[in-house]
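Structural characterization, general
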Amino acid sequence: MLQIENSAFAVNERGYYGNFGGAWIPEMLYPNVEELRKNYLDIIYRDEFQEEFNDLLKNYVGRPTPLYFANRLSEKYQTNIYLKREDLCHTGAHKVNNTIGQILLAKRLGKNKIVAETGAGQHGVATATVCALMGIECIVYMGEVDIERQAPNVARMKMLGAEVRPAKSGSRTLKDATNEAMRHWINNPMDTHYIIGSVVGPHPYPDMVARFQSVISEEIKKQLLEQTGNANPDYLVACVGGGSNAAGTYFHYLDEPSVKIIAAEAAGHGITTDKSAATTFLGKKGVLHGSKSLLMQTLDGQVVEPHSISAGLDYPGIGPMHAHLWESGRAKFYDATDEEALAAGFELTKLEGIIPAIESAHALAVLGKLNAGKDETVVVSLSGRGDKDLATYMKHI
Ligand SMILES: *Cc1c(COP(=O)(O)O)cnc(C)c1O
């Protein structure tokens, strides 16, 4: 894990990316977050931490993941497209890079219990996995509605030994599960670490998660140099839910101005409808889950229920790092509708024999909007595999 400091796009000492970030938390949560903030950098850059982290990424997760030149897809778009294969990680997505990092950190902070929240269950599964690996107790809060909708992931978590607790308040979905998980952490500050699954939440979570995921861009740099003689692509594309696979993909390229950074947001039925999750198009500045960022909200500040066909992108905000990349113009944001994402998922399957997660298909869906040239290079983060989405794909065959 390389460091970036002194970058206009890195977090500052107060936990801000430009105008976004910080730790907007109830006083009761302050001791927990402060303990983490004081210790995280010191712990994760210790040699012995790095050794264990890298060993698990290699031998448990299966890193480095390949950087694959997609020949037929490249022909279709008349450019040179490389796929970063996070779909080949253990558990089928990039999320495990972060949960491995956080479980190792939790152990060094003397915590022997883990709490997490999950929406679709992907982060819950990645958390339950590393808790099984380490023999640590795991409680996952999940909205009652989501528990019904996501039965296979609930079964996975239970088989891995986690306790899945239903969140029964509000809309009984992710936002409510997050509130319950935070409340649980407030009540169990001594022995429990809270594993957040994306680059969201109060400082230092966005920065910490980005650093754990930065292994993605570290590998892309090496692999692209080996394969093309140039470590820098012309375009770097990733989907943004909270923004963790995107943060990992961008991390070591943020200060390379020749690399165009592209984010794909989920437009749902379209950004002009009330069924969308495209935060930079529809959101305004606001505070959600402990940080100031862009947020889909009503005029009086109520959080709007987002919609996307992909559970992983169905989030009313984005991480503060991405809000800053958007405001500063460093990243360009595109949106892809449910339909466009489905079409891109089928296209990759037919052309390359790879069934992508429906989240990742949103990144593929913007390829046609880039106008990348014949001699240019595009790297796309294929954040996860599509097995979990087969029922969704089948409905549209
Ligand atoms: C959860 C998930 C996402 C969205 O989360 P980010 O934090 O934005 O990366 C994207 N792709 C897959 C496969 C996921 O499971």
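Just so we're clear, the structure is a prediction, and the values are computed from it rather than from any experiment.

Examining the side chain of Ser-381
Along the chain, Ser-381 falls in strand β14 (residues 377-382). A distance of 2.8 Å separates polar atoms of two side chains, one belonging to Ser-381 and the other to Asn-245. Residues in contact with Ser-381, not counting those within four places in the same chain, are Lys-84, Val-237, Ala-238, Asn-245, Thr-249, Ser-360 and Ala-363.

Some words on the site of the ligand
Close to the ligand lie 17 residues, the nearest being Lys-95, Ser-198, Gly-243, Ser-244 and Ser-383. Between His-94 and the ligand, the recorded distance is 3.0 Å, taken from a side-chain N or O atom to an oxygen atom. One of the side-chain N or O atoms of Ser-198 is found 2.6 Å from an oxygen atom in the ligand. Bound to the protein, the ligand loses 97% of the 380 Å² it would expose on its own. In the shell around the ligand, the residues fall into four nonpolar, 11 polar and two charged. When residues of the shell around the ligand are assigned to domains, at least three fall in each of domain 1 (16-57 + 95-209) and domain 2 (62-92 + 214-395).

Section: the domain arrangement of the chain
The parts lose accessible area when they come together, and the size of an interface is often stated as this lost area. Taken as a whole, the chain is organised into domain 1 (16-57 + 95-209) and domain 2 (62-92 + 214-395). A C-alpha centroid distance of 23 Å is found between domain 1 and domain 2. Taken together, the contacts link 31 residues of domain 1 with 33 residues of domain 2. The interface formed by domain 1 and domain 2 includes 10 residue pairs in polar contact (both at pLDDT 80 or more). Among the elements of the structure, β2 (20-21), α4 (95-108), α5 (122-134), α8 (174-187) and α9 (205-213) are those that each provide at least two residues to the side of domain 1 that touches domain 2. The greatest single-element share of the side of domain 1 that touches domain 2, amounting to five residues, is contributed by α8. Here the residues of the side of domain 1 that touches domain 2 sort into 15 nonpolar, 15 polar and one charged.

A short note on the packing of helix α2 (residues 47-61) against α4
Viewed as axis vectors pointing N to C, α2 and α4 meet at an angle of 145°, and their least axial separation amounts to 10 Å. For the element pair α2 and α4, the recorded crossing hand is right-handed. Where α2 abuts α4, its residues Glu-48, Phe-49, Glu-52, Phe-53, Leu-56, Leu-57, Tyr-60 and Val-61 lie against Val-96, Asn-97, Ile-100, Gly-101, Leu-104, Leu-105, Lys-107 and Arg-108. The class makeup of the residues in the contact of α2 with α4 is 10 nonpolar, two polar and four charged.

Thresholds applied
- Residues numbered from 1 in each chain as written.
- Predicted model: local features only at pLDDT ≥ 70, side-chain atom pairs only at ≥ 80, totals over all residues.
- Heavy atoms only, no water.
- Helix = DSSP H or I, 4+ residues; strand = E, 2+ residues; numbered from the N terminus.
- Polar contact = N/O pair within 3.5 Å; in protein donor to acceptor, adjacent residues only side chain to side chain.
- Contact = heavy atoms within 4.5 Å.
- Near = heavy atom within 4 Å.
- Areas by Shrake-Rupley, 256 points an atom, 1.4 Å probe, with all protein chains shown as cover.
- Nonpolar A, V, L, I, M, F, W, Y, C, P; charged D, E, K, R; others polar.
- Domains from an automatic or database assignment.
- Axes fitted to C-alpha atoms, helices over the stretch in contact; angles between N-to-C directions.
- Left-handed = near helix turned anticlockwise from the far one by under 90°.

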